[in-house]
Amino acid sequence: MNSFIYKNKSSLMKLKRAFNAAFGIEITKYPTDELDRRIKLINNYNINVILDIGANIGQYGSEMRNLGFKGEIISFEPMKEAFGKLQKNASKDSLWKVFNYSIGERDGQTTINVAKNSVSSSLLENLPQLTDSAPEAEFVEKETIEIRKLDSIFESLGLMNKNVYLKIDTQGYEEMVLQGAEQSLSHVTGIQIEMSFIPSYEGAITFDKMKPNSAI
């Protein structure tokens, strides 16, 4: 039996390589190990609400649905064009709410730098190393947006008695999001933060400098 399994895997690997070469695409495992760990953690802690901060056009929310998450998703995206696409992507999902503002350390208005590739847009200025390695991350315009503290809206979202998972991907603005969520964090079960090891934006805190008690 072991010999048969080994040969079968070997044949599948050869087929995979041949397919990749013939069609110029890559076959990969799905979900990946990282995604598999994420959904297992979410299921283990009975997460029933995901706060998707820095949603762009809804890539993260769609990914979580593909992984089998059945609970509520609340997405925040401040840029007008990206929000329009997010709104369309979430429109047929009754448990996916979207809001057209940013989450940060204050309430009011601010300006966001819009990147050519959209996903690299940030409330901070970029550093040369970002565009040197990714020219599509170049800022092409500025846009006035609304910004809110998570503490200012948390209760109105009806989250006080739910198991909340907080995802933050805000291109260097992660620390400011946490600063505006000091009261809310005690009601959050888990946090996922996308951070850089090397600075890409002015004033952004890097992974190694994030205080342990800030990221829970």
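Source: prediction; values computed, not measured. (Residues numbered from 1 in each chain as written. Predicted model: local features only at pLDDT ≥ 70, side-chain atom pairs only at ≥ 80, totals over all residues. Heavy atoms only, no water.)

At a closest axis distance of 11 Å, the pairing of helix 2 (residues 33–44) and helix 3 (residues 59–66) adopts a crossing angle of 75°. In this view, helix 2 runs roughly perpendicular relative to helix 3, as classed from their interaxial angle. Residues L35, R38, I39 and I42 of helix 2 pack against Y60, E63 and M64 of helix 3. Looking at side-chain class alone, the contact of helix 2 with helix 3 contains five nonpolar, no polar and two charged residues. (Axes fitted to C-alpha atoms, helices over the stretch in contact; angles between N-to-C directions. Helix = DSSP H or I, 4+ residues; strand = E, 2+ residues; numbered from the N terminus. Parallel < 35°, antiparallel > 145°, perpendicular 65-115°, else oblique. Contact = heavy atoms within 4.5 Å. Nonpolar A, V, L, I, M, F, W, Y, C, P; charged D, E, K, R; others polar.)

The subject of this paragraph is helix 2. Helix length check: helix 2 (twelve residues) gives 16 Å between terminal C-alpha atoms against 16 Å at 1.5 Å per residue, within 8%. Where helix 2 is concerned, the buried positions are L35, R38, I39 and I42. Buried positions in helix 2, seen along its axis, are confined to an arc of 90° and lie on one side of it. In this structure, helix 2 carries R37, K40 and N44 as exposed residues pointing more than 90 degrees from its buried face. Buried-residue contacts for helix 2 involve strand 1 (49–53), helix 3, strand 7 (164–168) and strand 8 (188–193). Downstream of helix 2 by a residue or two, N46 has a phi angle that is positive, lying close to 55°. (Expected span 1.5 Å × (residues − 1). Buried < 20%, exposed > 50% of the residue type's maximum accessible area, 1.4 Å probe, protein only. Arc of directions from axis to C-beta.)

Detailed conclusions should not be drawn from predicted coordinates in areas where pLDDT is low. This prediction gives the protein a mean pLDDT of 86; 82% of its residues lie at or above 70. Contacts from residues 1–14, a stretch scored under 50 in pLDDT, to residues over four places away or in other chains number zero contacts. (pLDDT = per-residue confidence, 0-100.)

Summed over all chains, the structure comprises three aromatic pairs. Measuring from centroid to centroid gives 5.6 Å for F76 and F99, while their planes differ by 20°, and the two rings are stacked. Highlighted residues: F76 in strand 2 (residues 72–76) and F99 in strand 3 (residues 96–99), separated in sequence by 23 residues. Look at F99 and you get partly exposed, because its relative accessible area is 25%. Ring centres of F99 and Y101 lie 5.8 Å apart, and the angle between their planes is 45°; this geometry places the pair in the tilted category. By way of ring pairs, the aromatic residues F76, F99 and Y101 are connected into one cluster. (Phe/Tyr/Trp six-rings, centres within 6.5 Å; stacked < 30°, edge-to-face > 60°.)

Tracing the sequence through the fold places T170 in the loop between strand 7 and helix 7 (174–179). On the accessibility criterion, T170 (12% relative accessible area) is buried. Aside from chain neighbours lying at most four places away, what touches T170 is I53, G54, S122 and V177.

Moving on to unusual backbone geometry. Here the phi dihedral of S118 falls at roughly 70°; this positive angle occurs in a residue that is not glycine. Its location among the elements puts S118 in the loop between strand 5 (108–115) and helix 5 (128–133).

Moving on to helix 4 (residues 80–90). Every buried residue of helix 4 is listed here: A82, F83, L86 and A90. Projected onto a plane normal to the axis of helix 4, the buried residues spread over an arc of 100° and lie on a single side. Set apart from the buried face of helix 4 by more than 90 degrees, the exposed residues are K80, E81 and K88. Taken together, the buried residues of helix 4 touch strand 2 and strand 3.

A separate point is the pairing of strand 2. Counting buried positions over the five residues of strand 2 gives five, a clear majority of the element. Side chains of strand 2 alternate between two faces, with E72, I74 and F76 and I73 and S75 buried alike. As defined by bridge partners, strand 1 adjoins strand 2 across five bridges and the pair is classed as parallel. For L51, the partnering residue across the bridge sits in strand 2 and is I74. Crossover strand 2 to strand 3 through helix 4 is right-handed. (Pairing = 2+ DSSP bridges. Right-handed = clockwise from strand over helix to strand, strands pointing away.)

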